[in-house]
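As a plain string of letters, each chain reads:
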Amino acid sequence: MIKKYKHRSWHIVLSPLYMGLCTWVFVLVAWSCSSSNCPLESKVTCNYAFYDSEGNAVTYADPITVTTLLPGTKTVYVYRKLGYITETLDHRDESLIEDGYTESVSEVRRDTVLINRLSSAALLKVPMSYYNATDTLVFAYESLSARDTIYIHHDSYPYVELPECGTHRFHRLKDIRCSNTAAIDHVEIVNKTVNYEGKENVKIYFNGVAE
Amino acid sequence: MREKRMSRSISMVWRSSLLLLVLMFGMKATAQEETPQPTPYEPVSIEEPQMSFFQGFTLSADLLGVGQWLLTDYGTLEAGLRLNLKNTYFPVAELGMAHCDVYEPNTDITYKTDAPYLRVGFDMNLLKDKFQDNRLFVGLRYGFATYNFDIAGPAIVDPVWGGSEPFNKKGISATSHWLELALGVQVKIWKNFHMGWSIRYKRELSTSKNNYAKPYYIPGYGTTTNSSCWGGAYHLIFDLNWGKKKRGSIKLQTPPDVKPADAEAVESEDAETQETQSTPNNSNTQSTSNNPITPIK
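Here we summarise the structure given alongside this text. (Residues numbered from 1 in each chain as written. Chains lettered and ligands numbered in written order. Predicted model: local features only at pLDDT ≥ 70, side-chain atom pairs only at ≥ 80, totals over all residues.)

This part is about the overall build of chain A. Summing up its helical and strand segments, chain A has three helices and eleven strands in all. Element order for chain A, N to C, with α for helix and β for strand: α-α-β-β-β-α-β-β-β-β-β-β-β-β. Each of the 211 residues in chain A was classed as buried or not, and the buried ones make up 19%. In chain A, the proportion of contacts linking residues at least 24 apart, taken out of those at least 6 apart, comes to 62%. (Helix = DSSP H or I, 4+ residues; strand = E, 2+ residues; numbered from the N terminus. Buried ≥ 20, exposed ≤ 12 C-beta atoms within 10 Å, placed from the backbone. Contact = placed C-beta atoms within 7 Å.)

Now the structure itself:
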């Protein structure tokens, strides 16, 4: 049997006209399928997870307020009266003086509240400063008069995932320490890179053991 | 008297049986002589097409990349060199220069890069007829690019602690590796010129990390909105076939004038008939008339 080399169907498929048509279809499909892939969670936070002194993950029932110190100072007015609670205000209050309070004026570091009365939480998500080398976080507890202060040393850098997603500011943790240990036993860094992926960055070990 | 009759009849039976035997042997011998021999089968042989292993070089240029360069924010100038081995296997190297200058108006971010890239791999021609000038191929590529890019955007204001800083990073270096699967066709346009398109599935293997940005555009790979992407190419190809393929000739080896066995028998009988007619007293007439082979009419 003589085998003849016939590929008539391929002549159509391989024709320049067909090829050109396919190319344009391909280009149109490729353009029409382009999509945006920006991250859904784009808030960059340093994530603090709570543990007891033995390393068990816990929730902290007492409401926690986290305040951070800001650059610069502000004027505060402190009113004291024997047998009464001391009032600290950022403006002058003449009525308190008329009620017998004594007024003292001082310059203190500016601050702002980052987390307000968070209760029964296992994780804290706290933003970090873009241009400061150290962030100072003050932890105030509703049932404790004492406070904890955490100092975080870090680098910050801009990061662009895609031009259409905008610029984010990522951070790299360098060191962390805790003073005035009211409720916190110690802290440690577990993941130095702070971005929007939501990974745990710092472990906070509280005094005591969960029952 | 009776005994004589008996012996005569026995001798007659004996003679007749002997005559019958002689006749049978004679007929068998004649039949053996006259049986046509089977014609040995001589198949038509096709001489295998001859093709030298090395079929030359192929030079190609990607027109789609040039079009993208001219019409969009990014594109490539790319040339390829391919070896042609038996018109089936094509080891290939593609070297190109990529350009990207993207400005995103919604975020006011600019991304720029101009860098070379290299791909190496091979194509395989899937068509059965390797002698024809058209090709349908699948291929695999490994791509590599080491490049610098610039990225700039508006100043970022810290919403809590305050302060802002302009964002303009230049010369961020990166290295990327990727794989490509290609499927395409090529057709002969004129003499040694071919044209062809291919679609390519690209998968990013790795890209070095840096502190400032994920590369938006990898030279030779494309945009990095996903870890894999589709691409394409439209090639103008020039074949340098100095080891030009040679199609083997199909040699039809027809058998020598072999006629069917029956026809031969008919012929021989005809000849004998003619001979008999010419010499009616021929002694072979009886034996040929008893030929058991009957011609087909």
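Further notes follow.
Next up on the list: the overall build of chain B. Along its length, chain B carries four helices and ten strands. Taken over 297 residues, chain B has a buried fraction of 24%. Partitioning the contacts of chain B with sequence separation of at least 6, the portion at a separation of at least 24 is 63%.

A separate point is the environment of Ile184 of chain A. Residue and element names in this part refer to chain A. Mapped onto the fold, Ile184 is located in strand 9 (residues 184-189). As a C-alpha pair, Ile184 and Gly208 span 24 residues in sequence and 9.4 Å in three-dimensional space. Those residues in contact with Ile184 that sit more than four places away from it in its chain are Phe139, Asp148, Cys178, Ile204 and Phe206.

It is worth spelling out the sheet that holds strand 6 (residues 164-190) of chain B at this point. Within a sheet, adjacent strands bond to each other through the backbone by hydrogen bonds, running parallel or antiparallel. Residue and element names in this part refer to chain B. Spatial strand order, 1-2-3-4-5-6-7-10: eight strands in a closed barrel with antiparallel pairing. Each adjacent strand pair in this sheet contributes to an overall mean axis angle of 25 degrees, direction not counted. Running over the sheet, helix 2 (residues 63-71) touches strand 1 (54-62), strand 2 (74-85), strand 3 (89-104) and strand 10 (228-240) and is turned about 170 degrees from strand 2. (Pairing = 2+ DSSP bridges. Axes fitted to C-alpha atoms, helices over the stretch in contact; angles between N-to-C directions.)

Residues other than glycine seldom take positive phi values, yet Arg117 of chain A does so here, at roughly 50 degrees. Looking at the element boundaries, Arg117 of chain A is found in strand 4 (residues 102-118). The phi torsion at Lys86 of chain B lies on the positive side, around 55 degrees, for a residue other than glycine. Inspection of the secondary structure puts Lys86 of chain B in the loop between strand 2 and strand 3. The class of Lys86 of chain B is partly exposed, set by 14 C-beta atoms lying within 10 Å.

Turning our eyes to something else, we now look at the nonpolar core. Ranked by size, the top nonpolar core spans 21 residues in total, and within it Val160 of chain A together with Cys100, Tyr111, Phe149, Ile151 and Tyr217 of chain B carry the most contacts. Broken down by secondary-structure element, the contributors of at least two residues to this core are strand 7 (147-160) of chain A together with strand 3, strand 4 (109-125), strand 5 (135-157), strand 6 and strand 8 (217-218) of chain B. Looking at this core element by element, the count peaks at four residues for strand 5 of chain B. Setting aside residues no more than four positions away along its own chain, Ile151 of chain B makes contact with Val160 of chain A together with Ile109, Thr110, Tyr111, Lys169, Ile172, Tyr212 and Ala213 of chain B. Counting 17 residues, the second-largest nonpolar core is a separate cluster that includes Tyr48, Phe50, Met128 and Ile204 of chain A. (Core = buried A, V, L, I, M, F, W, Y, C linked by C-beta atoms within 7 Å.)

Let's shift gears to the environment of Gly153 of chain B. Along the chain, Gly153 of chain B turns up in strand 5. Along the backbone, Gly153 of chain B and Asn168 of chain B are 15 residues apart, and their C-alpha atoms lie at a distance of 6.3 Å. Among all residues touching Gly153 of chain B, those that are not within four sequence positions of it are Val160 and Thr167 of chain A together with Thr107, Asp108, Ile109 and Phe167 of chain B.

Residue and element names in this part refer to chain A. Ordered in space as 5-1-11-9, the four strands form an open sheet in which the pairing is mixed. Only two strands of the sheet have a single partner each, and these edge strands are strand 5 (123-126) and strand 9. The mean inter-strand angle of the sheet, taken between neighbouring strand axes irrespective of direction, is 20 degrees. Pairing geometry for strand 9 and strand 11 (residues 202-206), over five bridges, is antiparallel. Its bridge partner lying in strand 11, Glu188 is registered against Lys203.

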